[in-house]
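One letter stands for each residue in the lines below.
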Amino acid sequence: MSFGKPFSANEILNWRKSQLSKGGRIVDLDWLLDIGGGLGWQELQKLKVFQKNDYFLDLSLDELSLLWARHLKDQTPLQHLVGKCPWRDFELKVNPSVLIPRQETELVIDLALNKFNPSEKEIGIWADLGTGSGALSIGLARLFPYWVGHAVDCSPEALFVAENNIETLAPNSKVLLHLGHWWEPLQPWWGRIDLVVANPPYIPKSNLQTLDPAVRDHEPHLALCGGDDGMNCCREIVKGAVNGLRSGGWLIFEHNFDQSERALSVLMHYGFKEIDFAKDLEGIKRFALARKP
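Residues numbered from 1 in each chain as written. Predicted model: local features only at pLDDT ≥ 70, side-chain atom pairs only at ≥ 80, totals over all residues. Heavy atoms only, no water.

Student: Quick one: what's the story with unusual backbone geometry, residue by residue and with numbers?
Tutor: Positive phi is not limited to glycine here, since Gln75 has a value of about 65°. Tracing the chain through its elements places Gln75 in the loop between α4 (61–74) and α5 (78–82). On the basis of relative accessible area, Gln75 is assigned to the partly exposed category, the value being 30%. (Helix = DSSP H or I, 4+ residues; strand = E, 2+ residues; numbered from the N terminus. Buried < 20%, exposed > 50% of the residue type's maximum accessible area, 1.4 Å probe, protein only.)

Below is the structure:
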């Protein structure tokens with residue numbers, strides 16, 4: 001629902017200039033206008049160039065100013081302040097109990113699409129380990145409507161967020177939610193799962209304090225810390241996939257920017273085949289892919 005009073009292009013541009021004078025990044029302020037204010041990215045670009053017309057916003061400029069001030073004060077992520085985050089072609093509800101889904105993680109869905117044809121009305125089983133906000137689960141549920149999905153998380157608070165997002169964004173999907181540690185809740189389905197995806201914690205413990213304050217101070221360390229070398233969770237997921245996946249099933253997971261060789265080594269150690277990597281939007285090896293023999 002839009003705020004009742006329309007704002008002129010000049011009012012919005014002057015407000016934007018005033019807020020930037022207080023600090024922060026222009027890309028973040030424009031994100032706030034886009035997602036928090038509901039202005040829309042294309043409208044914002046036209047507004048900058050033509051500087052005409054009036055615009056209705058979802059929040060008043062005063063309300064947006066308060067959110068920007070809170071963001072500048074302690075680096076609270078704007079996604080937490082507005083309670084939502086766009087991802088692929090939908091908008092997720094988020095809060096401090098879940099990791100804010102990153103754009104690069106969207107590629108996990110594309111990698112899955114390269115391995116399975118969603119137009120075929122076959123029935124399969126996928127699992128999303130460490131579902132968090134439910135982003136990957138929703139992406140898979142919408143693309144593979146005939147499959148049964150399993151969303152797993154060890155955090156009750158995160159699973160509650162995922163459940164709400166799945167009910168809203170994939171209401172007719174066949175997604176079961178499980179509270180537990182990685183593969184453990186899925187034991188009844190071991191040996192039958194066709195596809196497993198995961199964006200596990202992969203930051204080394206010693207690196208947590210070097211993260212951007214918006215991440216370090218506001219996102220759950222449970223979803224960030226991967227142990228001493230950052231690979232603990234990746235190793236657990238790969239080891240569990242030996243029993244969890246069906247023969248010929250695929251495992252796709254995200255890892256840190258410098259962990260590709262170690263990830264591939266772990267996959268080789270556990271006997272996986274067709275081992276490969278994929279690069280993120282910046283050309284960095286960020287994803288590991290492998291198939292169970």
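More follows now that the structure is in view.
Student: Outline the layout of surface pockets, listing residues and values.
Tutor: Taken as a whole, the largest pocket encloses approximately 1300 Å³ of empty space. Lining the largest pocket are 42 residues, with Gln79, Ile100, Arg102, Val215 and Glu219 sitting closest to its centre. Counting residues per element, the ones that place at least two in the lining of the largest pocket are α2 (26–36), α4, α5, β3 (84–87) and α9 (213–216). Looking at the lining of the largest pocket residue by residue, the classes come out as 22 nonpolar, nine polar and 11 charged. By volume, the second largest pocket is sized at about 450 Å³. In this structure, the second largest pocket is lined by 30 residues; those nearest its centre are Gly130, Gly132, Asp153, Asn199 and Ala223. For the lining of the second largest pocket, the secondary-structure elements that each account for two or more residues are α7 (135–143) and β6 (148–153). The residue inventory of the lining of the second largest pocket, partitioned by class, reads 17 nonpolar, 10 polar and three charged. (1 Å grid on protein atoms, 1.4 Å probe; cavity = no way out; pocket = protein on both sides within 12 Å on 5 of 7 lines; lining within 4 Å. Points joined across faces, edges and corners; volume = space filled by probe spheres on them. Nonpolar A, V, L, I, M, F, W, Y, C, P; charged D, E, K, R; others polar.)

Student: Summarise the pattern of salt bridges; cite the residues concerned and give the values.
Tutor: Counting across every chain of the model gives 16 salt bridges. Lys46 serves as the salt-bridge partner of Glu43, at 2.9 Å between the closest nitrogen and oxygen. Pair noted here: Glu43 and Lys46 are both in helix α3 (residues 41–50), with a separation of three residues, about one helical turn. In this structure Glu43 comes out as partly exposed when scored by relative accessible area, which is 29%. The partly exposed category is assigned to Lys46, whose relative accessible area is 41%. The partner of Asp280 in a salt bridge is Arg286, with the nearest N and O atoms 3.2 Å apart. Each member of the pair, Asp280 together with Arg286, is buried. Beyond isolated ion pairs, a larger network of salt bridges with shared partners links Arg16, Asp30 and Lys48. (Salt bridge = Lys/Arg side-chain N within 4 Å of Asp/Glu carboxyl O.)

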